[in-house]
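# Observations on the three-dimensional arrangement
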Amino acid sequence: MIRAIAALCVFVLTALPALAQGTGVSFGGIRADTTQPVEVSADQLAVNQNDGTATFTGNVIVGQGEMRLSAAEVRVEYATGDQRKIERLHATGGVTLVSGADAAEAAEAVYTIDTGVVVMTGSVLLTQGQSAISGEKLTVDLKSGTGVMEGRVRTILQTGGGD
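Residues numbered from 1 in each chain as written. Predicted model: local features only at pLDDT ≥ 70, side-chain atom pairs only at ≥ 80, totals over all residues. Heavy atoms only, no water.

## Examining the overall build of the protein
- Counting secondary structure elements, the protein contains 1 helix and 11 strands.
- The secondary structure elements of the protein, listed N-terminal to C-terminal, are α-β-β-β-β-β-β-β-β-β-β-β.
- Residues classed as buried in the protein amount to 36% of the 163 residues present.
- Sequence-distant contacts in the protein: of pairs separated by 6 or more residues, those separated by 24 or more amount to 40%.
- When the accessible surface of the protein is summed, it comes to about 8800 Å², and 52% of that surface belongs to carbon and sulfur atoms. (Helix = DSSP H or I, 4+ residues; strand = E, 2+ residues; numbered from the N terminus. Buried < 20%, exposed > 50% of the residue type's maximum accessible area, 1.4 Å probe, protein only. Contact = heavy atoms within 4.5 Å. Areas by Shrake-Rupley, 256 points an atom, 1.4 Å probe, with all protein chains shown as cover.)

This is the structure we're talking about:
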């Protein structure tokens, strides 16, 4: 993780103008084995047979392997013609994505299961140890552990300096 943060520091220092448009970030701790089952717990579940969705509300926690996602509401969208295969999860209301020491917060997130890509939008805050990056949109590839932050990106980098 220290190497990933150091690499990010070098990138930021050599590419400051690019920060306003978007930056690549290492998201090494947040990975998920997308072949693992998706577990969901919530206070309530509503199923809509017409559009093939299930909506979990109230203290929703979604787990897949070591990854945890929590939100006020998560809509599960199933694959067309296969009500057993989850295609996408759409989380809203104080979304938090955690794996290991890495965490990201946003207003909403869409997780496409097959590709392992999570797109978080709305006042995104990514923390990795003592470092933090914020922006309006974070796209994370859970398989590779990489991400791109976009939209007025701001960061605080801990240099580890001292004596």
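## Section: the nonpolar core
- One finds Leu69, Val74, Met120 and Leu138 to be the most contacted residues of the largest nonpolar core, which totals 28 residues.
- Sorting the residues of this core by element identifies strand S4 (53-64), strand S5 (67-79), strand S6 (82-99), strand S7 (102-112), strand S8 (117-128) and strand S9 (131-141) as the ones contributing at least two each.
- With 5 residues, S5 is the largest single contributor of residues to this core.
- Ignoring sequence-local partners within four residues, the contact set of Met120 consists of Val95, Leu97, Ala104, Glu105, Ala106, Glu108, Ala109, Glu136, Lys137 and Leu138. (Core = buried A, V, L, I, M, F, W, Y, C linked by side-chain atoms within 4.5 Å.)

## With respect to the pairing of S7
- Sheet topology places S7 next to S8; 9 bridges connect them, and they run antiparallel. For Glu108, the partnering residue across the bridge sits in S8 and is Thr121. (Pairing = 2+ DSSP bridges.)

## Some thoughts on the pairing of S4
- Pairing of strand S2 (residues 39-41) with S4 involves 3 bridges; the strand directions are antiparallel. Considered in S4, the bridge of Ser41 is made with Ile61.
- Pairing analysis gives 5 bridges linking strand S3 (residues 44-48) to S4, with the strands arranged antiparallel. Paired with Gln44 across the bridge in S4 is Thr57.
- Bridging between S4 and S5 involves 10 bridges; their strand directions are antiparallel. Among the inter-strand pairings, Val62 is bridged to a residue of S5, identified as Leu69.

## Notes on the confidence of the model for the protein
- Counting all residues, the mean pLDDT for the protein is 77, and 75% of those residues have values of 70 or more.
- For residues 1-29, every residue scores under 50 in pLDDT, and the model assigns this stretch 52 contacts once sequence neighbours within four places are set aside. (pLDDT = per-residue confidence, 0-100.)

## Quick notes on the environment of Arg88
- Checked against the element boundaries, Arg88 lands in strand S6.
- Judged by relative accessible area, Arg88 falls into the partly exposed class, the value being 25%.
- Here the alpha-carbon distance between Arg88 and Glu77, two residues 11 residues apart in the chain, equals 5.2 Å.
- With sequence-adjacent residues up to four places away left out, Arg88 is seen in contact with Arg75, Val76, Glu77, Val110, Tyr111, Thr112 and Ile113.
- A polar contact of 2.8 Å, which involves the side chain of Arg88, links it to the side chain of Glu77.
- Polar side-chain contacts of Arg88 include one of 3.3 Å to the side chain of Glu87. (Polar contact = N/O pair within 3.5 Å; in protein donor to acceptor, adjacent residues only side chain to side chain.)

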